[in-house]
Amino acid sequence: MITTDGKNLILTLPLKQMSYDALDEESGEVDNLIGYSDGKNFSINQLIDLSYKGTQQLGSAYLVFDDYEELKEACDLCKLEIWEYNRCAVCDKPLLGTHTIDNQGRGICEEHEK
Ligand SMILES: [Zn+2]
């Protein structure tokens, strides 16, 4: 939510959200935000709760940081977890989904598996 006091844009992001089970009943609060790092991009993102499916997904970035240290500081302050992703050893894309490890132990995206 965005408000202003006339001098500042004030952004309010809830730290927790209600989680719903498969029967659409409240099953307790879970984090609403998650730290994201892929080694080049650092942000605090929305955490999409899919507890009824037993999973959680990364949502849009709300706040972007210059480096990992800044991100870590903000996440420590707000007690947020950081999801850290590796990058494809061939094309340098972040490895967000399923990926394989090549015979040199490097992470490789689906496109570069062969
Ligand atoms: Zn690749």
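Just so it is clear, the model here is predicted, and its values are computed rather than measured. (Residues numbered from 1 in each chain as written. Predicted model: local features only at pLDDT ≥ 70, side-chain atom pairs only at ≥ 80, totals over all residues.)

A. Focus on the overall build of the protein chain. From N to C terminus, the protein chain includes one helix and 10 strands. Helices and strands in the protein chain line up, N terminus first, as β-β-β-β-β-β-β-α-β-β-β. Seen along its three principal axes, the alpha-carbon backbone of the protein chain occupies a region of about 55 × 45 × 20 Å. Within the protein chain, the fraction of its 114 residues that count as buried is 11%. Of the contacts formed within the protein chain by residues at least 6 apart in sequence, a portion of 30% connects residues at least 24 apart. (Helix = DSSP H or I, 4+ residues; strand = E, 2+ residues; numbered from the N terminus. Buried ≥ 20, exposed ≤ 12 C-beta atoms within 10 Å, placed from the backbone. Contact = placed C-beta atoms within 7 Å.)

B. Broad picture of the pairing of strand β6 (residues 42-50). Direction of pairing for strand β5 (residues 33-37) relative to β6: antiparallel, over a ladder of five bridges. Note that in β6 the partner of Y36 across the bridge is S43. Counting the residues that bridge the hairpin from β5 to β6 gives four residues, and of these G39 lies at a positive phi of roughly 90°. (Pairing = 2+ DSSP bridges.)

C. Spotlight on the nonpolar core. Residues L33, I34, Y36, F42, I44, L47, F65, L71, C75 and L80 constitute the largest nonpolar core, which totals 10 residues. For this core, the secondary-structure elements that each account for two or more residues are β5, β6 and α1 (68-78). When near neighbours in sequence (up to four residues on either side) are disregarded, Y36 contacts S43, N45, L58, A61 and W83. (Core = buried A, V, L, I, M, F, W, Y, C linked by C-beta atoms within 7 Å.)

D. Inspection of the pairing of strand β7 (residues 55-65) at higher detail. Pairing geometry for β6 and β7, over eight bridges, is antiparallel. In the sheet register, S43 faces β7, and the bridge partner there is V64. Linking β6 back to β7 in an antiparallel pair, the connection comprises four residues, with G54 at a positive phi of about 75°.

That's the geometry; what it means functionally is another story.
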